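What follows is the residue order along each chain.
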Amino acid sequence: MLSVSVVGQAGAQEPTFVDRLVLDPQETCSGGAPEPGDIVALALRGARGRNYAVAAGNETARLAMRGPATTAYSVFEITDTAVENTVAIHSLGHMKFLSLDSDARVQARAEPQQAVPFIFEETDSGYFRIRLHAHPLWLRMNLNGYLDFRARDAGSATQFCAQPVASD
């Protein structure tokens, strides 16, 4: 389980979720993959805290790597699923779970019972990649920064660093 601590600005009445981000600019990510119950921002490996997954757009809510974590659309809660050793990812900005469209693009549009089960595979130095349960497909970033499950091998998968956000 990733450790979570509250970081706030002195004198602030109630810290926003951005105040509560526990950012690691060196991206050592010693905590590894997040576990159920963790609330995290998903940073792209090597982006040094400047490129986070965001459930962008109100209509499609597609998952993309888009700059710093500055809104609730870049905060995700990891939850258990009914499938053993899998997790679901809940977008706190949309209050929906991640699912796939017909082209394997990731969107924040599902109710809990339609949440797609994922497997987090740890890599070196605390990073992890995300695999689709029951399929040999990994999450990857396309040239436009959107995320989809079209990587057919682990070597082509995008690697992430989970940076914890304190819960209320």
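Residues numbered from 1 in each chain as written. Predicted model: local features only at pLDDT ≥ 70, side-chain atom pairs only at ≥ 80, totals over all residues. Heavy atoms only, no water.

Glancing now at the pattern of salt bridges. This model, assessed by the stated rule, comprises 7 salt bridges. Residue Arg105 pairs with Asp103 through a salt bridge whose shortest N-O separation is 3.5 Å. For Arg105, a relative accessible area of 26% corresponds to the partly exposed category. Classification of Asp103 as partly exposed rests on a relative accessible area of 37%. (Salt bridge = Lys/Arg side-chain N within 4 Å of Asp/Glu carboxyl O. Buried < 20%, exposed > 50% of the residue type's maximum accessible area, 1.4 Å probe, protein only.)

Moving on, we get to the pairing of strand β6 (residues 96-100). Two strands pair when backbone bridges link them, and strand β5 (residues 87-91) and β6 are joined in this way by 2 bridges, in the antiparallel orientation. The partner of Ser91 across the bridge, within β6, is Lys96. What sits between the antiparallel neighbours β5 and β6 is a turn of 4 residues, in which Met95 has the positive phi angle 55°. As defined by bridge partners, β6 adjoins strand β7 (residues 106-110) across 4 bridges and the pair is classed as antiparallel. The residue bridging Ser99 from the neighbouring strand is Gln107, located in β7. The turn linking β6 back onto β7 is made up of 5 residues, and Ala104 within it adopts a positive phi angle of 65°. (Pairing = 2+ DSSP bridges. Helix = DSSP H or I, 4+ residues; strand = E, 2+ residues; numbered from the N terminus.)

Turning to unusual backbone geometry, a few remarks are in order. Positive phi values are uncommon outside glycine, yet Ala104 reaches one of about 65°. Relative to the assigned elements, Ala104 resides in the loop between β6 and β7. Of note in the backbone geometry, Ala134 takes a positive phi value of approximately 70° without being a glycine. With respect to the helices, strands and loops of the structure, Ala134 is situated in the loop between β9 (128-132) and β10 (138-141). On the basis of relative accessible area, Ala134 is assigned to the exposed category, the value being 57%.

Topologically, Pro136 is positioned in the loop between β9 and β10. Exposure remark for Pro136: the relative accessible area of 56% places this residue in the exposed category. For the pair Pro136 and Phe149, spaced 13 residues apart in the sequence, the C-alpha separation amounts to 9.5 Å. What Pro136 contacts, discounting residues up to four positions off in sequence, is Ala151 and Arg152. (Contact = heavy atoms within 4.5 Å.)

On to the side chain of Thr123, then. When you line up the elements, Thr123 lands in the loop between β8 (118-122) and β9. Among the polar contacts listed, one links the side chain of Thr123 to the side chain of Gln159, at a separation of 3.1 Å. Apart from the residues lying within four places of it in its own chain, the contact partners of Thr123 are Arg45, Phe128, Arg129 and Gln159. (Polar contact = N/O pair within 3.5 Å; in protein donor to acceptor, adjacent residues only side chain to side chain.)

Turning our attention to the side chain of Asp148. Tracing the backbone through its elements, the reader meets Asp148 in strand β11 (residues 147-151). On the basis of relative accessible area, Asp148 is assigned to the buried category, the value being 1%. A distance of 2.7 Å separates the side chain of Asp148 from the side chain of Arg140, its partner in a polar contact. Each residue touching Asp148, except ones within four places of it in the same chain, is listed here: Ala104, Arg105, Val106, Trp138, Leu139, Arg140 and Asn142.

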